[in-house]
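Residue-level listing of the chains:
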Amino acid sequence: MTQTLFIFVLYSILGWMLEIIYFWIKEKKYVKRGILGGPYCPLYGFSMATTTVLTYTFKDNIVLVFCFGALICTFYEFLTGIIIDKYYPVRMWDYSNKSYNYKGYVCLPFSLIWGALSAFCITFLNPIIFNNTGIISTVFSISVILCMIINIFKLRPVGRPQLCFNLKYLLY
């Protein structure tokens, strides 16, 4: 459980960093990513935590890990895209111009990228992480999750909790 929590937190942060770097290269400038108020993207955390758990019994079979990783990450990307579109007036990504896309939420080229990243993380990064986790990972994970919760529930000046999904505040 502790390792899965640590995987969620670590890959939420690494995923956010990946997006920042991707858009910095693509747009030649910093582009704030995500709808939450912190340096994390839970989509990546959920994807990799789920992939880690579901591929544990065959983690040494890189082809199966690639396939499962591609399917799991694509599923989460599709689900997240629908949820964001339903509840927020912003489209965080749009693959409409990519080949083999479905409603712009997911596409084959990025599904293959997610599969490759999953295989890399499960095969190479996770063994390093699992061999070096302990009490530090537990404290770190709990600390980051508390920060996530605090960022989601900001306090108004009068002290009443308010959901922190003011898109102008979060995106600019």
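Anything mentioned here points back to the structure above.
## Some remarks on the nonpolar core
Here's step 1: I84, M92, W93, Y95 and W114 are the most contacted members of the largest nonpolar core, which has 18 residues in total.
Here's step 2: Those elements that provide at least two residues to this core are α1 (2-27), α2 (42-54), α3 (62-87) and α4 (108-131).
Here's step 3: Examining the composition of this core, we find that 4 residues originate from one element, α3, more than from any other.
Here's step 4: With near-sequence residues (within four places) excluded, I84 lies in contact with I35, V90, M92 and W93.
Here's step 5: One finds F6, M48, A49 and C121 within the second-largest nonpolar core, a separate group that totals 14 residues.

## Examining α3
Here's step 1: For α3, spanning 26 residues, the distance from its first C-alpha to its last is 37 Å, which sits close to the expected 38 Å at 1.5 Å a residue.
Here's step 2: Along α3, the residues that are buried comprise V65, G69, A70, I72, C73, T74, Y76, E77, G81 and I84.
Here's step 3: Next to the buried residues of α3 lie α2, β2 (106-107) and α4.

## Here we look at the environment of K59
Here's step 1: The residue K59 is located in the loop between α2 and α3 in this model.
Here's step 2: The class of K59 is partly exposed, set by a relative accessible area of 32%.
Here's step 3: The spatial distance from the C-alpha of K59 to the C-alpha of T123 is 6.8 Å, given a sequence separation of 64 residues.
Here's step 4: Look past the residues within four positions of K59 in its chain and what remains in contact with it is V65, I122 and T123.

## Structural notes on the pattern of salt bridges
Here's step 1: In the structure shown here, the tally under the stated rule is 1 salt bridge.
Here's step 2: A salt bridge links R91 to D85; the nearest nitrogen and oxygen atoms lie 3.4 Å apart.

Scoring rules and cut-offs
Residues numbered from 1 in each chain as written. Predicted model: local features only at pLDDT ≥ 70, side-chain atom pairs only at ≥ 80, totals over all residues. Heavy atoms only, no water. Core = buried A, V, L, I, M, F, W, Y, C linked by side-chain atoms within 4.5 Å. Buried < 20%, exposed > 50% of the residue type's maximum accessible area, 1.4 Å probe, protein only. Helix = DSSP H or I, 4+ residues; strand = E, 2+ residues; numbered from the N terminus. Contact = heavy atoms within 4.5 Å. Expected span 1.5 Å × (residues − 1). Salt bridge = Lys/Arg side-chain N within 4 Å of Asp/Glu carboxyl O.

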